[in-house]
Amino acid sequence: MTLRNDISDIVLSEEKIISLAKSLGEKITEDYKDKNPLLVGLLKGSIMFMGDLIKYIDTHVEIDFMDVSSYSGTKSSGDVKIIKDLNQSVEDRHILFVEDIIDTGQTLNAIIDLIEYRKAASVEIVTLLDKPANRKVDVDVKYVGTEIPDGFVVGYGLDFDEKYRNLPYIGLLKPEIYQ
Ligand code: 5GP
Ligand code: MG
Ligand code: MG
């Protein structure tokens with residue numbers, strides 16, 4: 001039994017992911033030249049994308065990570081609890097959030113408010129995947145790898161029950177696995 005058996009469709013191949021990371025990296029290079037941005041990855045889903053994206057950014061950047069989770073029972077409010085905060089101040093820094101996927105938008109919406117409150121010079125988002133069908137709050141996402149239709153995907157950092165993060169591609173999980 002391999003992990004591939006649990007996947008019904010490959011949504012993004014390894015090759016496609018790399019070509020998206022490359023074109024996003026090139027745009028970010030242009031936009032952030034000499035700005036020394038702080039790239040903030042949201043744990044744990046963004047780990048692989050962060051690793052690939054920064055290979056294609058050809059100007060100085062720093063990286064850091066945050067871990068947040070939604071307050072249980074108040075899902076719809078979009079309140080987030082900080083599990084791990086940044087190691088440094090964001091004051092007067094250009095912040096670029098690095099996300100695996102944007103779904104309802106609630107997580108980023110809440111964190112962006114926090115980072116703006118901490119007086120960042122600018123705040124933008126880069127995400128590999130966007131599922132606009134599920135959006136509940138408006139978030140302004142400057143850099144999107146690709147839009148995908150509704151459906152639960154795993155791999156390339158994204159999990160189901162902490163599993164499947166190690167798949168090198170993005171795949172649709174067979175419904176019988178999570179139902
Ligand atoms: P939201 O935008 O709804 O606040 O939260 C986005 C987060 O929910 C993502 O960073 C990811 O952790 C999780 N998520 C949303 N859609 C999916 C999906 O299709 N598959 C997986 N594995 N996680 C998802
Ligand atoms: Mg995430
Ligand atoms: Mg998850």
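Structure's up top.
Residues numbered from 1 in each chain as written. Chains lettered and ligands numbered in written order. Predicted model: local features only at pLDDT ≥ 70, side-chain atom pairs only at ≥ 80, totals over all residues.

A. Summary view of the overall build of the chain. Counting its secondary structure elements, the chain contains four helices and nine strands. If you list the helices and strands of the chain from N to C, you get β-α-β-α-β-β-β-α-β-β-β-β-α. For 179 residues, the compact-globule formula gives about 16 Å, and the C-alpha radius of gyration of the chain, at 16 Å, lands near that figure. With respect to the three principal axes, the spread of C-alpha positions in the chain is 50 × 40 × 25 Å. (Helix = DSSP H or I, 4+ residues; strand = E, 2+ residues; numbered from the N terminus. Rg over C-alpha atoms; globule rule 2.2 N^0.38 Å.)

B. Quick look at the pairing of strand E3 (residues 62–70). Here strand E2 (residues 38–42) pairs with E3 via five bridges, running parallel. From the neighbouring strand, Val 40 faces E3, where its bridge partner is Asp 64. The parallel pair E2 and E3, bridged by helix H2 (residues 47–55), forms a crossover whose chirality is right-handed. (Pairing = 2+ DSSP bridges. Right-handed = clockwise from strand over helix to strand, strands pointing away.)

C. Expanded view of the site of ligand 1. Taken together, 16 residues lie near ligand 1, and Asp 103, Thr 104, Gln 106, Thr 107 and Leu 158 sit nearest. Elements represented by at least two residues in the shell around ligand 1 include exactly strand E5 (94–102), helix H3 (106–117) and strand E8 (153–154). Top element by residues in the shell around ligand 1 is E5. It accounts for four residues. Its residues assigned to classes, the shell around ligand 1 comprises seven nonpolar, five polar and four charged. (Near = placed C-beta within 6 Å. Nonpolar A, V, L, I, M, F, W, Y, C, P; charged D, E, K, R; others polar.)

D. Summary view of the nonpolar core. Val 40, Phe 49, Ile 95, Phe 97, Val 98 and Val 126 are the most contacted members of the largest nonpolar core, which has 43 residues in total. With six residues, E5 is the largest single contributor of residues to this core. The residues touching Phe 97, leaving out its near neighbours within four places in the chain, are Val 40, Leu 42, Leu 108 and Ile 125. (Core = buried A, V, L, I, M, F, W, Y, C linked by C-beta atoms within 7 Å. Buried ≥ 20, exposed ≤ 12 C-beta atoms within 10 Å, placed from the backbone. Contact = placed C-beta atoms within 7 Å.)

E. The sheet that holds strand E6 (residues 122–130), seen in detail. Taking strand neighbours across the sheet as the criterion, the six strands line up as E4-E3-E2-E5-E6-E7 in an open arrangement whose pairing is mixed. Only two strands of the sheet have a single partner each, and these edge strands are strand E4 (80–84) and strand E7 (143–147). Direction aside, the axes of adjacent strands within the sheet are offset by 30° on average. The pairing of E6 with E7 spans four bridges and is classified as parallel. Its bridge partner lying in E7, Thr 127 is registered against Val 144. (Axes fitted to C-alpha atoms, helices over the stretch in contact; angles between N-to-C directions.)

F. Examining unusual backbone geometry more closely. In this chain, Leu 43 is followed by Lys 44 through a cis amide linkage whose omega measures -5°. Mapped onto the secondary structure, Lys 44 falls in the loop between E2 and H2. Positive phi is not limited to glycine here, since Asp 161 has a value of about 55°. Take Asp 161: it is sitting in the loop between E8 and strand E9 (170–173).

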